[in-house]
Amino acid sequence: MRHPLLDLPPLDMLRGFVAAGRRKSITLASQDLCLSQSAVSRQIQALEEYFDAPLLVRRHRAIELTPLGDRLLAIASPFLDELGDFSREMRSVDRQPSVTITASIGVMALWILPRLGSFQSAHADIDVRVAATNRLLDLRSEGIDLAIRYCRPADAPPLAVRLFGEEVVPVASPEVARRVASSNEGWLGEVLIEYDDRARPWLRWSDWLSARGLDKRQPKSSMYFNQYDQVIHAAAAGQGIALGRVALVLPLLQEGRLVALSETGPGFSDFAYWMIPASESPRPGVAEFMAWVLREAAQTAEGVSALPAPP
């Protein structure tokens, strides 16, 4: 006697048909399945050949199910949903809940994201969610496990752990650095790339130049950005000189994509970067991520101290 399992249609054919039947559109079904329209059409055609009967009627911009197609959709749709639920449940058995981290856009782009691959390689069972924003979020109400924040010691909350301090030095691409070295104008003969944030005077050229007795002279021109990572990307692209936060631009300095220009050494602020957990007793996955952040911060601090003095 023929086994009933041998009478089941192939799953891929059913999936394409159900997606199209639910959406009443092959175009939308192809988007849901991340397939081309022609691939979904072939799946449905193959299923019609399997049953030797039409399952849908193709209109100019839509499709309609035949009576047989309606019957099949009513049977197959809940079956595939149940099978999908089971598959997700089984695949997530050994996975830990995701870890959500927030930081400013600049810190996320320049410090966390370039390093994140090393954590994912070592912890494939931990998913990471990134929330990059310059707003100060309430960690518990927003469902966030961990924050990297930039503030003075007096403003750091009780659970905060200091990662590294803030050192600032003018940076430019190697080409711009060579031009500065050979020019009598120095920095002022180049475009000064400005971080447009009045709350951070040590990151603004006017205060930097004033502290060095150069405020009476006008730079060639200025370029303004409202995100710090944009400032650094512009400098690395040779568009001018930026005030580099050494810990954040360390990889670019080490790779030679940026060069430190200060003749008087870096400037320091009393701000620092802090890791702040949402809970005193973080979940195992969050604890793993926190340990990784601390290791990366220690390497960053060592790298900053090992940098050669600017010329």
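Calculation notes
- Residues numbered from 1 in each chain as written.
- Predicted model: local features only at pLDDT ≥ 70, side-chain atom pairs only at ≥ 80, totals over all residues.
- Heavy atoms only, no water.
- Helix = DSSP H or I, 4+ residues; strand = E, 2+ residues; numbered from the N terminus.
- Rg over C-alpha atoms; globule rule 2.2 N^0.38 Å.
- Buried < 20%, exposed > 50% of the residue type's maximum accessible area, 1.4 Å probe, protein only.
- Contact = heavy atoms within 4.5 Å.
- Areas by Shrake-Rupley, 256 points an atom, 1.4 Å probe, with all protein chains shown as cover.
- Lys, Arg positive; Asp, Glu negative; His and termini not counted.
- Charge placed at Lys NZ, Arg CZ, Asp CG, Glu CD.
- Phe/Tyr/Trp six-rings, centres within 6.5 Å; stacked < 30°, edge-to-face > 60°.
- Expected span 1.5 Å × (residues − 1).
- Core = buried A, V, L, I, M, F, W, Y, C linked by side-chain atoms within 4.5 Å.
- Salt bridge = Lys/Arg side-chain N within 4 Å of Asp/Glu carboxyl O.
- Patch = residues over 30% accessible without salt bridge, like charges linked within 9 Å, V, L, I, M, F, W, Y side chains within 5 Å.

A. Molecular detail of the overall build of the chain. Each helix and strand counted, the chain has ten helices and eleven strands in total. Since a compact globule built from 311 residues should have a radius of gyration of about 19 Å, the 29 Å found for the chain marks it as more spread out than a globular shape. By principal-axis analysis of the C-alpha atoms, the chain measures approximately 95 × 50 × 30 Å. Counting all 311 residues of the chain, 43% fall into the buried class. A separation threshold of at least 6 residues defines the contact pool for the chain, and within that pool the share at least 24 residues apart is 76%. Of the roughly 17,200 Å² that the chain leaves accessible, carbon and sulfur atoms contribute 53%. Between the averaged position of the 33 positive side-chain charges in the chain and that of its 37 negative side-chain charges there is a distance of 4 Å.

B. The arrangement of the packing of aromatic side chains in detail. Applying the stated criterion to the full structure yields nine aromatic pairs. Summarising the aromatic geometry, the rings of Tyr150 and Phe271 are spaced 5.0 Å apart at their centres and angled 45° between planes, so their arrangement reads as tilted. Here Phe271 lies in strand 11 (residues 267-277) and Tyr150 lies in strand 5 (residues 146-151), a separation of 121 residues in the sequence. For the pair formed by Tyr150 and Phe271, the shared burial category is buried.

C. The arrangement of helix 3 (residues 37-51) in detail. The first and last C-alpha atoms of helix 3 sit 21 Å apart over 15 residues, in line with the 21 Å expected at 1.5 Å per residue. Those residues of helix 3 that fall on the buried side of the exposure criterion are Ala39, Val40, Ser41, Gln43, Ile44, Leu47 and Glu48. Phi turns positive, to about 55°, at Asp52, one or two residues after helix 3.

D. Representation of unusual backbone geometry. With phi around 55°, Lys24 is a residue other than glycine that occupies positive phi space. With respect to the secondary-structure elements, Lys24 resides in the loop between helix 1 (11-23) and helix 2 (26-33). We classify Lys24 as partly exposed; its relative accessible area is 38%. Non-glycine residue Asp52 carries a positive phi angle of around 55°. By the element assignment, Asp52 lies in the loop between helix 3 and strand 1 (56-58). You can call Asp52 exposed: its relative accessible area is 71%.

E. Structural detail: the nonpolar core. Ranked by size, the top nonpolar core spans 61 residues in total, and within it Ile148, Ile232, Ile241, Phe289 and Val293 carry the most contacts. Leaving out residues up to four positions away in the same chain, Ile232 has contacts with Leu110, Ala242, Leu243, Gly244, Val249, Leu252 and Leu258. Among the nonpolar cores identified, the runner-up in size contains 19 residues, and Phe17, Ala19, Val40 and Leu65 belong to it.

F. Fine view of the pattern of salt bridges. Tallied over the entire structure, the rule returns eleven salt bridges. Put simply, Arg58 and Glu48 hold a salt bridge, and the shortest N to O gap is 3.6 Å. A residue pair is termed long-range when its members are at least 10 positions apart, and Arg58 in strand 1 and Glu48 in helix 3 qualify at ten residues. Classification of Arg58 by relative accessible area gives partly exposed; the value is 38%.

G. Geometry of a nonpolar patch on the surface. A cluster of nonpolar side chains, contributed by Leu11, Phe79, Leu83 and Phe86, occupies part of the molecular surface with about 390 Å² of accessible area. Looking at which element gives the most residues to the nonpolar patch, the answer is helix 4 (residues 67-91), with three residues.

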